[in-house]
Amino acid sequence: MLELQLGPMTIHPIVVFDKDSWTLIDTGMPGSAPAILQLAKQAGTEDLPLRSIVLTHQDIDHIGGLPGILEATGGSATVLAHPGDEGAVNGTQPMLKMTPERLTGFLEQMPADVREQFERTFLNPPGPNVDRTFADGETLPYGGGLTVIHTPGHTPGHVSLYHGPSKTLIAGDAMFAKNGELMGPNPANTPDMGQALESLKKFAAFDIDRAVCYHGGLVQGGVNENIARVAEQA
């Protein structure tokens, strides 16, 4: 679990190791690629190539750093996303929560090189950004196995991932955490709260020792019970 402070927001991208490569789960905001790669290097990726980038969903704080990550690592990593958010990641559909006016204002605050990189990738893409999609229940061959759990509600193609070897749930934005406690989906950023809460019930099928929320970080102890408590709101 990486921890990166972006102004008032702290995010937690994930690094998954294999013997001869590594996988990054989510890429932060536009311009955050250098900081993420530096944190990944400190975590032990220095002599390993980046094999894959798994995107939990289309929100800008999860895909915004993708152009910089790919450019800095030679562009050889495979980019994966769920079909429900593939269009937004590819730039062929608008981002669900980012109106053109809001996006324009946001990009105006970026350094010129970061803005141009973002526009080149997501607004005027020469081709698809997603190399392959995955399905609910599929196990990705990274770090001993990452099981895809489709958890729509926050976005149509939102996924969480279960790392079986360590019994770790990588929740993405399906939940957030506060002071080590699971809080469920964030209502302010979840267009379909009912569906998002219903999605949490899928976690009951997994034996979870710890969960990592992109916003809020690590939660340990009684995770399944806490998720069930939150999901009862559905």
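In what follows, the accompanying structure is described. None of these values were measured; they are calculated from a predicted model.

Conventions we followed
Residues numbered from 1 in each chain as written. Predicted model: local features only at pLDDT ≥ 70, side-chain atom pairs only at ≥ 80, totals over all residues. Heavy atoms only, no water. Core = buried A, V, L, I, M, F, W, Y, C linked by side-chain atoms within 4.5 Å. Buried < 20%, exposed > 50% of the residue type's maximum accessible area, 1.4 Å probe, protein only. Helix = DSSP H or I, 4+ residues; strand = E, 2+ residues; numbered from the N terminus. Contact = heavy atoms within 4.5 Å. Axes fitted to C-alpha atoms, helices over the stretch in contact; angles between N-to-C directions. Parallel < 35°, antiparallel > 145°, perpendicular 65-115°, else oblique. Left-handed = near helix turned anticlockwise from the far one by under 90°. Nonpolar A, V, L, I, M, F, W, Y, C, P; charged D, E, K, R; others polar. Polar contact = N/O pair within 3.5 Å; in protein donor to acceptor, adjacent residues only side chain to side chain. Pairing = 2+ DSSP bridges.

Right, let's talk about the nonpolar core for a bit. Counting 34 residues, the largest nonpolar core has Ile53, Leu55, Ile60 and Ile69 as the members making the most contacts within it. Looking at this core, the elements with two or more residues in it are strand 4 (22-25), helix 1 (33-45), strand 5 (50-54), helix 2 (60-63), helix 3 (66-72), strand 6 (78-81), helix 5 (100-108) and helix 6 (112-123). In terms of residue count, the dominant contributor to this core is helix 1 (four residues). Sequence-distant contacts of Ile69, that is, excluding residues within four places in its chain, are made with Leu24, Thr27, Ala33, Ile36, Leu37, Leu50 and Ile53. Ala174, Met175, Ile227 and Ala231 belong to the second largest nonpolar core, which has 20 residues in total.

So, about the packing of helix 5 against helix 6. Running from N to C, helix 5 and helix 6 cross one another at 150°; their axes reach a closest spacing of 10 Å. One element, helix 5, and the other, helix 6, form an angle in the roughly antiparallel class. The two elements helix 5 and helix 6 cross, and the hand of that crossing is right-handed. For the pair helix 5 and helix 6, the contacting residues are Leu103, Leu107 and Glu108 in the first and Arg115, Phe118, Glu119 and Leu123 in the second. The residue inventory of the contact of helix 5 with helix 6, partitioned by class, reads four nonpolar, no polar and three charged.

Below, the discussion takes up the side chain of Thr151. Considering the arrangement of structural elements, one finds Thr151 in the loop between strand 9 (146-150) and strand 10 (159-163). At a separation of 3.3 Å, a polar atom in the side chain of Thr151 contacts the side chain of Ser160. When sequence neighbours within four positions are dropped, the list of residues in contact with Thr151 reads His158, Val159, Ser160, Ala174, Ser199 and Phe203.

Moving on, we get to the sheet that holds strand 9. Ordered by their spatial adjacency, six strands build an open sheet running 8-9-10-11-14-15, and the pairing between neighbours is mixed. Looking along the sheet, the strands with just one partner apiece sit at the ends: strand 8 (139-140) and strand 15 (217-220).

All right, on to the sheet that holds strand 3 (residues 14-17) then. Strand order in the open sheet formed by five strands is 3-4-5-6-7, with mixed pairing between adjacent strands. Strand pairing shows two members of the sheet lacking a second neighbour, strand 3 and strand 7 (132-133), which therefore form its edges. Against the sheet, helix 1 contacts strand 3 and strand 4, and its axis sits at roughly 35° relative to strand 3.

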